[in-house]
Amino acid sequence: MLVRKARLPDADSIHALIRSLSFDGTLLPRTFAEICENVRDFTVVENDRGEFAGCGALHLYGPHLAEIRSIAVTPRARKQGAGSAIVQALLAEADTHSVSCVCLFTRLPDFFRQLGFAQVDRTALPDKIYKDCANCPRIHACDEIAMARGVLPDIAVLGPAQVEERLIPLQL
Ligand SMILES: CC(C)(COP(=O)(O)OP(=O)(O)OC[C@H]1O[C@@H](n2cnc3c(N)ncnc32)[C@H](O)[C@@H]1OP(=O)(O)O)[C@@H](O)C(=O)NCCC(=O)NCCS
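Keep in mind the model is a prediction, meaning the values are calculated, not measured. (Residues numbered from 1 in each chain as written. Predicted model: local features only at pLDDT ≥ 70, side-chain atom pairs only at ≥ 80, totals over all residues. Heavy atoms only, no water.)

Of the regular secondary structure elements, the protein chain holds six helices and seven strands. The N-to-C order of helical and strand elements in the protein chain reads β-α-α-β-β-β-α-β-α-β-α-β-α. For the C-alpha atoms alone, the extent of the protein chain along its principal axes is close to 50 × 40 × 30 Å. The 172 residues of the protein chain split such that 44% are buried. Of the contacts formed within the protein chain by residues at least 6 apart in sequence, a portion of 69% connects residues at least 24 apart. Accessible surface computed for the protein chain: about 9,900 Å², of which carbon and sulfur atoms make up 56%. Within the protein chain, one finds 19 positive and 21 negative side-chain charges whose respective centroids are separated by 5 Å. (Helix = DSSP H or I, 4+ residues; strand = E, 2+ residues; numbered from the N terminus. Buried < 20%, exposed > 50% of the residue type's maximum accessible area, 1.4 Å probe, protein only. Contact = heavy atoms within 4.5 Å. Areas by Shrake-Rupley, 256 points an atom, 1.4 Å probe, with all protein chains shown as cover. Lys, Arg positive; Asp, Glu negative; His and termini not counted. Charge placed at Lys NZ, Arg CZ, Asp CG, Glu CD.)

Right, let's talk about the side chain of Ser 70 for a bit. Note that Ser 70 resides in strand 4 (residues 65-73). Under the relative-accessibility criterion, Ser 70 is labelled buried at 10%. Side chain to side chain, Ser 70 and Arg 30 meet in a polar contact 3.1 Å long. Every residue in contact with Ser 70, bar those within four places of it in the chain, is listed here: Ile 18, Leu 27, Arg 30, Phe 42, Cys 55, Gly 56 and Ala 57. (Polar contact = N/O pair within 3.5 Å; in protein donor to acceptor, adjacent residues only side chain to side chain.)

Checked against the element boundaries, Glu 144 lands in the loop between helix 5 (126-131) and strand 7 (145-150). Sequence-distant contacts of Glu 144, that is, excluding residues within four places in its chain, are made with Phe 105, Thr 106, Arg 107, Arg 122 and Arg 138.

This part takes up unusual backbone geometry. With glycine set apart, most residues show a phi of negative sign, and most peptide bonds adopt trans. In this structure, Lys 79 takes a positive phi of about 65 degrees despite not being glycine. Tracing the backbone shows Lys 79 in the loop between strand 4 and helix 3 (82-96). Looking at Lys 79, the relative accessible area reads 87%, which means it is exposed. At Ser 98, a position not held by glycine, the phi torsion is positive, near 55 degrees. By secondary structure assignment, the location of Ser 98 is in the loop between helix 3 and strand 5 (101-106).

A separate point is the packing of aromatic side chains. Applying the stated rule across the entire model yields two aromatic pairs. A ring pair is formed by Phe 111 and Phe 112, whose centres lie 4.9 Å apart and whose planes are at 75 degrees; its orientation type is edge-to-face. Residue Phe 111 is classed as partly exposed on the basis of its relative accessible area, which comes to 24%. Taking 6.1 Å as the distance between ring centres and 85 degrees as the angle between the ring planes, the aromatic pair formed by Phe 112 and Phe 117 counts as edge-to-face. The pair formed by Phe 112 and Phe 117 is uniform in burial state, with each residue classed as buried. Members of the aromatic cluster, joined through ring pairs, are Phe 111, Phe 112 and Phe 117. Looking at Lys 128, its charged tip hangs above the ring of Phe 105, at a distance of 5.1 Å from the centre. (Phe/Tyr/Trp six-rings, centres within 6.5 Å; stacked < 30°, edge-to-face > 60°. Lys NZ or Arg CZ within 6 Å of the ring centre and 35° of its normal.)

What follows is the structure, encoded as structure tokens:
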């Protein structure tokens, strides 16, 4: 098993895996264009034959917060440590950026608890709320658990202004 940073040729496999897990809401859907644009956020794992076996991404909000997203392992490669290895690599990457808190939203708290994450109140993560939740159709029916590792942020870099900016059509 090899864990490495993703490269653009991995985008197809990443997209197919995330897509296969987004129909039932297990993962947030990501378009191919979004994955290409953010491919440097992604880490992938290869099996011993050099085949793609899973992925995960680290989104940086700032030194106060990063978010682990899109963690997925192909069904055949599960239960062999690949998922944990991806999360550990993303945590190490957050460390190299001196990020003080790493968060995630999940329906699998037990998997992440053993990797050092603890459940937190989602209002402690305003950047995540402004980035995704504010525009999510499930905002009032969300069944995901907010988790974090490290010191909860006391600042936010996103806010209502950014949300409104995205919603206001350009006056040409
Ligand atoms: C969750 C997922 C990434 C785990 O990947 P994996 O490679 O099977 O995980 P690992 O082999 O590293 O498992 C490590 C530990 O987590 C446990 N674990 C694995 N999947 C789990 C799950 N669904 N729920 C709870 N614990 C789980 C394992 O039992 C193992 O514990 P052990 O070391 O005591 O045996 C994988 O099942 C997956 O891709 N699921 C679908 C996508 C998904 O739900 N992603 C998370 C969204 S936030």
